Amino acid sequence: FESKLPNLGTSIFSQMTALANKHQALNLSQGFPEFDAPELLKKQLNHYVLEGANQYAPSSGVAKLQQQIAALIARKYHNNINYEQQVTVTSGATEALFVAIQALVKEGDEVVVFDPAYDSYQPAIELAGGRSVHVALHAPDYKIDWQAVADVITEKTRVIIINTPHNPSGKIFKTEDINALKALVTKHDLYVISDEVYEHITFDGALHLSALIDPELFARSFVISSFGKTFHSTGWKMGYCVAPAQLMVEFRKIHQYVTFSSFTPAQHALADMLELEPEHVDELSCFYQQKRDLLSEALAQSRFKILPSEGTYFLLLDYSDVSDLDDVEFCQWLVEQAGVAAVPLSVFYNSASSDKVIRLCFAKNDDTLKCAAEILCQL
Ligand code: PMP
Ligand code: GLN
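Predicted, not measured: the structure shown is a model, and the values here were computed from it.

Asker: Tell me about the sheet that holds strand E8 (residues 239-242), and please be specific about residues and values.
Answerer: Across the sheet, which stays open at both edges, the seven strands sit in the order E2-E8-E7-E6-E5-E3-E4 with mixed pairing between neighbours. With partners counted over all chains shown, the strands left at the sheet margins are strand E2 (87-90) and strand E4 (131-136), one partner each. Strand-to-strand twist of the sheet, defined as the mean angle between neighbouring strand axes without regard to direction, takes the value 20°. Taken together, the four bridges between strand E3 (residues 110-115) and strand E5 (residues 157-163) define a ladder with parallel strand orientation. Bridging from a neighbouring strand, Val113 pairs with Ile161 of E5. Along the sheet, helix H3 (residues 63-77) makes contact with E2 and E8, crossing E2 at roughly 115°. Helix H8 (residues 175-188) rests against E5 and strand E6 (191-195) of the sheet, and its axis sits at about 165° to E5.

Below is the structure:
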């Protein structure tokens, strides 16, 4: 059998969580909250299931959820989109990313991806017949050199995929990044897929700069988010895509044949949550900043160097003073011998990276974070 994705194995997140379970380690590897979704969200889901909202939703989403998403966008980014034409509810951000990539990428097209990159981009590009072109960012600041991006653009380049706040580095786009991106995509007539699943998790008062805030940039963008991150409900696999109407027509052609529509009761429950408890979204940055600070302070006496986290629920540690192992070996050792599961950064790169950096997820209970830090401080 000739595989279409010969170089692909099981995702690092599945691998590390399996190892964490096997060794009964504290699992700070795969990014998911250890705490539960809000009570109202669970109550409303239950309500709609019992009430009988159990048949197909419209392919683009339940209208009241599309409306609430548009209202959130108007409130946060001052962009008044048309919810009927510009919002599509998807089965997680992963589906939205896959569909946006299929909508844009043709045989032979090149797509610029920043490494370290979330693992679902490249396979989706390859299945569309495209080729990912990687621009590597490195510790400690993971700053984008926009000249290096300009240098990889050819006549085959069609899309740039960005991710802000960035998994795994925790970096967020600054105004200069948005401006540099806009200059490049307008000059070369490119499209943008903007993965903004951590849009509501930014620290120290920093604002998330969405592609939705800039009309010229948004005119060429698919903006993607996930309710899993925002409402501590990664297992529901609910997300959405926002795009200009013309681009959304193409997105919907594909979405209707990938899933057709997403879980109806969850759409109603999420709409209620957005409408009735808008403060949940507003308080999320503060909630996670407290966890970031707890973990960072508890690790201050350790031999790990803590890299800055400006957003997301991830913290990077440089372990070069702790071990000479490479990062995959170090994470293996850490989960087996120390009882803490983390993710090695090199797996987010297309070509070899020798940075000695691991990722910890701090979407965990305070006690878990304290226990993990105690163990790491002894190394
Ligand atoms: N993009 C990034 C950067 C992510 O971290 C995640 C979460 N794993 C996703 C996309 C996928 O989100 P979802 O679980 O909603 O498919
Ligand atoms: N986004 C999560 C992470 O980065 C994992 C998602 C998954 O397991 N596919 O850890």
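Asker: Describe the site of ligand 1, with residues and values.
Answerer: Taken together, 14 residues lie around ligand 1, and Gly92, Ala93, Thr94, Asn167 and Ser226 are the ones closest in. Looking at the shell around ligand 1 element by element, the count peaks at three residues for helix H5 (residues 92-104). For the shell around ligand 1, the residue count by class is three nonpolar, nine polar and two charged.

Asker: Lay out the domain arrangement of the protein chain in plain terms, naming residues and giving numbers.
Answerer: Each domain of the protein chain was delimited in the assignment, giving domain 1 (12-37 + 280-377) and domain 2 (55-275). A C-alpha centroid distance of 25 Å is found between domain 1 and domain 2. In this assembly, 35 residues from domain 1 lie in contact with 30 residues from domain 2. Listed by contribution, the elements that provide at least two residues to the side of domain 1 that touches domain 2 are helix H13 (279-298), strand E10 (314-318) and strand E13 (357-361).

Asker: Can you break down the sheet that holds strand E9 (residues 305-306) residue by residue, with the values?
Answerer: Strands pair in a sheet through their backbones, by hydrogen bonds, and they do so in one of two ways: parallel or antiparallel. The four strands are arranged E9-E10-E13-E12 in an open sheet whose pairing can be described as antiparallel. The sheet terminates laterally at E9 and strand E12 (343-344), the two strands that pair on one side only. When E12 meets E13, the two strands line up antiparallel, connected through two bridges. Across the sheet, residue Val343 finds its bridge partner in E13, namely Arg359.

Asker: Report on the confidence of the model for the protein chain, specifying residues and quantitative values.
Answerer: The pLDDT averaged across the protein chain works out to 97; a share of 100% of its residues lies at or above 70. Among the scores for the predicted complex, ipTM is 0.97 and pTM is 0.98.

Asker: Quick one: what's the story with unusual backbone geometry, residue by residue and with numbers?
Answerer: The omega torsion of the bond from Asp115 to Pro116 falls at 0°, within 30 degrees of zero and hence cis. Here Pro116 shows up in the loop between E3 and helix H6 (121-127). Following Asn167, the chain continues into Pro168 via a peptide bond in cis, with omega recorded as 15°. Along the chain, the position of Pro168 falls in the loop between E5 and H8. Even without being glycine, Tyr142 reaches a positive phi, approximately 50°. Residue Tyr142 is classed as buried on the basis of its C-beta count, with 20 C-beta atoms lying within 10 Å. For His232, which is not glycine, the phi dihedral falls at a positive 50°. His232 sits in the buried class, given 21 other C-beta atoms within 10 Å.

Rules of the game
- Residues numbered from 1 in each chain as written.
- Chains lettered and ligands numbered in written order.
- Predicted model: local features only at pLDDT ≥ 70, side-chain atom pairs only at ≥ 80, totals over all residues.
- Pairing = 2+ DSSP bridges.
- Helix = DSSP H or I, 4+ residues; strand = E, 2+ residues; numbered from the N terminus.
- Axes fitted to C-alpha atoms, helices over the stretch in contact; angles between N-to-C directions.
- Contact = placed C-beta atoms within 7 Å.
- Near = placed C-beta within 6 Å.
- Nonpolar A, V, L, I, M, F, W, Y, C, P; charged D, E, K, R; others polar.
- Domains from an automatic or database assignment.
- pLDDT = per-residue confidence, 0-100.
- Buried ≥ 20, exposed ≤ 12 C-beta atoms within 10 Å, placed from the backbone.

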